[in-house]
Amino acid sequence: MMEKLQPAWAKMAVILFGGFLYAAGMNLFVVPFQLFSGGAVGLAQLITLFLQPLFPESGLNLYGVIYMLINLPLLFLAYHSMGRGFLIRTILGAGSISLFTSLIPAVPLMEDCLASVLIGGIVTGIGVGLILIAGGCGGGFDIIGVWASRRFKNASVGKISLAANAVIYLILLMLFDIQVVLYSLIYMVFFTILLDKTHYQNINVRLMIFTKKPDIDHEILTRTGRGVTEWKGVGAYTQEETRVLVTCINKYELSEFMDIIRHMDPKAFVVVDEGVYVTGNFEKRI
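Residues numbered from 1 in each chain as written. Predicted model: local features only at pLDDT ≥ 70, side-chain atom pairs only at ≥ 80, totals over all residues. Heavy atoms only, no water.

Asks: What's the story with the overall build of the protein chain in this structure? I'm lost.
Replies: Broken down by element type, the protein chain carries nine helices and four strands. For the protein chain, the sequential pattern of α-helices and β-strands runs α-α-α-α-α-α-α-β-α-β-β-α-β. Taking all 286 residues of the protein chain together, the buried fraction comes to 48%. Carbon and sulfur atoms make up 67% of the accessible area of the protein chain, which amounts to about 14300 Å² in all. (Helix = DSSP H or I, 4+ residues; strand = E, 2+ residues; numbered from the N terminus. Buried < 20%, exposed > 50% of the residue type's maximum accessible area, 1.4 Å probe, protein only. Areas by Shrake-Rupley, 256 points an atom, 1.4 Å probe, with all protein chains shown as cover.)

Structure below.
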């Protein structure tokens with residue numbers, strides 16, 4: 001469980017390693033076969049098709065550089081909508097993906113295209129999953145998805161990604177042979193499966209927060225959009241009044257919530273229950 005990795009450097013190390021895994025999976029198993037990812041990386045690959053002839057001796061995989069340029073305006077959105085901590089982790093996640101995809105040579109490790117695509121999907125899915133577990137974000141359309149899921153009831157990262165990928169693969173159908181599109185889709189299926197398995201984003205978590213500090217509930221509401229139920233309790237030993245806050249989230253959000261709680265009240269007593277069943281008006285934010 002990533003929440004046990006308390007030091008910031010540990011989370012940053014996981015994000016960097018996840019970015020390296022993603023880049024290695026792309027450049028060693030996917031890109032050498034002229035196949036495409038989805039999302040902002042896929043968009044960067046498409047743009048590279050038209051710009052690469054202008055930089056024949058660059059020595060870099062140009063799509064990694066373009067990916068970072070695509071992320072610049074999105075990072076502005078991340079800062080103003082989701083706070084400084086999310087921005088730092090997103091810069092690290094997107095920056096590591098951009099850096100490593102630019103530097104790792106696009107050389108195939110195997111000759112069989114299908115096997116390479118399957119392994120590539122597994123490696124890249126685990127890589128991005130690690131970034132998300134550490135409370136970071138790989139950038140791209142995921143930023144829009146995370147932002148939208150907190151602002152609009154029916155929005156989610158999955159829905160935003162699906163819409164963006166549909167557009168990208170329609171463009172691929174117009175530009176390439178159907179085989180390229182099919183292999184690219186197979187890659188994305190395995191990438192998504194491994195991302196979900198690594199991310200654990202569907203595991204519901206109940207937080208019970210015992211604190212004497214005011215305004216934690218307001219901070220949670222404004223920064224995350226999650227609802228909070230509050231009771232007034234009394235300590236059995238001290239007979240002092242305490243606030244009892246209860247909220248349900250998914251495991252992806254746990255790191256951010258713990259950061260908020262520790263910032264507002266380092267002495268808060270927090271109970272975390274994983275795998276709880278939640279029904280009613282609860283946003284899964286998948």
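Asks: In this structure, what is going on with the pairing of strand S2 (residues 229-234)? I would like to understand it.
Replies: Strand residues, when the strand is regular, have side chains that alternate between the two faces of the sheet. Taken together, the six bridges between S2 and strand S3 (residues 241-250) define a ladder with antiparallel strand orientation. Residue pairing across strands places Lys232 opposite Arg243, the latter belonging to S3. (Pairing = 2+ DSSP bridges.)

Asks: Explanation requested: the sheet that holds strand S1 (residues 204-211) in the structure shown.
Replies: Pairing between the strands of a sheet comes from backbone hydrogen bonds, and it takes one of two forms, parallel or antiparallel. Overall, antiparallel pairing links the four strands, which are arranged S2-S3-S1-S4 in an open sheet. The sheet is open, and its two borders are formed by S2 and strand S4 (269-274), each paired with just one other strand. Put simply, the sheet's adjacent strands are angled 20° from each other on average, direction ignored. When S1 meets S4, the two strands line up antiparallel, connected through six bridges. Bridging across to S4, Ile209 finds its partner in Val270. Of the strands in this sheet, S1, S3 and S4 touch helix H9 (residues 254-264), which is tilted by about 5° from S1. (Axes fitted to C-alpha atoms, helices over the stretch in contact; angles between N-to-C directions. Contact = heavy atoms within 4.5 Å.)

Asks: Mind showing me how you'd approach helix H8 (residues 216-224) here?
Replies: Side chains that are three or four residues apart share a direction in an α-helix, a result of its 3.6 residues per turn. Burial in H8 covers these residues: Ile216, Ile220 and Thr224. What you see down the axis of H8 is that its buried residues fit within an arc of 40°, all on one side. The first or second residue beyond H8 is Gly225, which carries a positive phi of 80°. (Arc of directions from axis to C-beta.)

Asks: Even after reading the chapter, I still don't get the pattern of salt bridges, so can you show me in this structure?
Replies: Where side chains of opposite charge bring their charged atoms close, a pairing between them can arise. Following the criterion strictly, the structure yields five salt bridges and no others. Measuring nitrogen to oxygen at the nearest pair gives 3.9 Å for the salt bridge that ties Asp259 to Lys11. With Asp259 in helix H9 and Lys11 in helix H1 (residues 8-30), the pair connects residues that are 248 residues apart, well separated along the chain. What you see here is one network of salt bridges that share partners, running through Lys11, Arg89 and Asp259. (Salt bridge = Lys/Arg side-chain N within 4 Å of Asp/Glu carboxyl O.)

Asks: How should a nonpolar patch on the surface be read in this particular structure?
Replies: Together, Leu49, Phe50, Leu51, Leu54, Met174 and Leu175 make up an exposed nonpolar region whose accessible area comes to about 640 Å². Looking at the nonpolar patch, the elements that each hand over two or more residues are helix H2 (39-51) and helix H6 (157-175). At three residues, the largest contribution of residues to the nonpolar patch is made by H2. When its relative accessible area of 37% is taken as the criterion, Leu49 is described as partly exposed. (Patch = residues over 30% accessible without salt bridge, like charges linked within 9 Å, V, L, I, M, F, W, Y side chains within 5 Å.)

Asks: Help me understand the packing of H1 against helix H4 (residues 113-133) in this model?
Replies: What describes two packed helices is the angle between their axes and the distance between those same axes. For the pair H1 and H4, interaxial distance at closest approach is 7 Å and the crossing angle is 165°. With respect to each other, H1 and H4 are oriented roughly antiparallel. Read as a crossing pair, H1 and H4 show a hand that is left-handed. Seen from H1, the contacting residues are Val14, Ile15, Phe17, Gly18, Gly19, Leu21, Tyr22, Gly25, Met26, Leu28, Phe29 and Val30; seen from H4, they are Ser116, Val117, Ile119, Gly120, Val123, Thr124, Ile126, Gly127, Val128, Leu130 and Ile131. Along the lines of polarity and charge, the residues of the contact of H1 with H4 split into 16 nonpolar, seven polar and no charged. (Parallel < 35°, antiparallel > 145°, perpendicular 65-115°, else oblique. Left-handed = near helix turned anticlockwise from the far one by under 90°. Nonpolar A, V, L, I, M, F, W, Y, C, P; charged D, E, K, R; others polar.)

Asks: What is the right way to read the confidence of the model for the protein chain from this model?
Replies: Taken as a whole, the protein chain shows an average pLDDT of 83; of its residues, 86% reach a score of 70 or greater. Least confident of the elements in the protein chain is helix H5 (residues 141-151), whose mean pLDDT is 72; most confident is H1, at 91. (pLDDT = per-residue confidence, 0-100.)

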